[in-house]
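Observations on the model geometry
In case you want the letters, here they are:
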Amino acid sequence: MSLSMHAMTVGQFVPMLGNLSRILDKAAAFAQARKIEAGVLENLRLAPDMLSFTRQVQLAGDFAKNSTARLAGVEPPRFADDEKTLAELQARLGKTIEWLGTVQPSQLQGAEARHIVLPLRTRTLEMDGLPFLQKWALPNFYFHVTTAYALLRHAGVDVGKQDYLGPT
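Below, the structure is looked at part by part.

Time to look at the overall build of the protein. Across its full length, the protein holds 6 helices and 2 strands. With the C-alpha coordinates of the protein rotated into their principal frame, the extents come out at 50 × 40 × 25 Å. Within the protein, buried positions represent 46% of all 168 residues. When contacts within the protein are restricted to residue pairs at least 6 apart in sequence, long-range pairs at least 24 apart make up 66% of them. Of the charged side chains in the protein, 18 are positive and 16 negative; the average position of the first set lies 3 Å away from that of the second.

Quick look at the structure:
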């Protein structure tokens with residue numbers, strides 16, 4: 001049995017973004033129960049030079065939609081990166097999941113061989129689709145989801161491994 005690029009993109013990204021959304025629900029309940037001021041959780045960092053919790057959530061969604069779009073040869077939706085609240089981050093995740101749901105398996109057929117060129121700040125990333133997915137898209141996506149989870153866990157939000165993994 002072969003594994004499709006759709007299964008390795010949409011099939012991976014959508015469930016994990018759903019898990020992240022449920023983790024955000026727990027964060028919102030935690031903040032409300034403890035009367036935590038708006039912005040506190042959203043601005044969490046483990047180190048001063050680290051991106052905030054808000055940016056981790058934004059980037060998790062961006063890696064999912066932008067990578068899938070590149071592999072499908074379509075334009076991804078663009079979001080303004082102006083979320084300030086957990087509710088706004090939830091809405092962004094919802095829009096990302098909804099868009100990913102529009103990507104059809106046929107759009108990703110042959111994507112493992114599609115040449116991807118990605119301009120970065122200091123260099124240009126250039127590789128075929130399968131290595132792009134394996135060595136760039138998935139590791140970055142999981143890094144940002146994991147970091148968002150860890151930030152909330154560190155802050156005391158009652159989340160555990162099963163929240164990260166989601167329903168099975």
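This brings us to the pairing of strand β2 (residues 124-128). Residues Leu125 and Met127 of β2 are buried on one face, while the alternating residues Thr124, Glu126 and Asp128, pointing to the opposite face, are not. Turn length for the strand β1 (residues 115-119)-β2 hairpin, with the two strands adjacent in sequence and antiparallel, is 4 residues.

Here we take up the pattern of salt bridges. In this structure the tally under the stated criterion is 7 salt bridges. Between lysine 26 and aspartate 163 there is a salt bridge, and its shortest N-O distance comes to 3.0 Å. Here lysine 26 is found in helix α2 (residues 10-33), whereas its partner aspartate 163 is found in helix α6 (residues 161-165), with 137 residues between them in sequence. Judged by relative accessible area, lysine 26 falls into the partly exposed class, the value being 34%. Looking at aspartate 163, the relative accessible area reads 22%, which means it is partly exposed. Shared partners join several salt bridges into a network, and the residues in it are Arg55, Asp62, Lys65, Asp81, Glu83 and Arg92.

Here we come to the nonpolar core. Core analysis: the biggest nonpolar cluster contains 48 residues, and Leu41, Phe53, Val57, Leu71, Phe132, Phe141 and Leu152 have the highest contact counts within it. Residue assignment for this core shows that the elements contributing at least two residues are α2, α3 (53-72), α4 (86-100), β1, β2 and α5 (129-155). If you tally residues by element for this core, the top one is α5, at 11 residues. Contact partners of leucine 41, with chain neighbours within four places excluded, come to Ala27, Phe30, Ala31, Phe53, Leu86, Leu152 and Ala155.

What counts and what doesn't
Residues numbered from 1 in each chain as written. Predicted model: local features only at pLDDT ≥ 70, side-chain atom pairs only at ≥ 80, totals over all residues. Heavy atoms only, no water. Helix = DSSP H or I, 4+ residues; strand = E, 2+ residues; numbered from the N terminus. Buried < 20%, exposed > 50% of the residue type's maximum accessible area, 1.4 Å probe, protein only. Contact = heavy atoms within 4.5 Å. Lys, Arg positive; Asp, Glu negative; His and termini not counted. Charge placed at Lys NZ, Arg CZ, Asp CG, Glu CD. Pairing = 2+ DSSP bridges. Salt bridge = Lys/Arg side-chain N within 4 Å of Asp/Glu carboxyl O. Core = buried A, V, L, I, M, F, W, Y, C linked by side-chain atoms within 4.5 Å.

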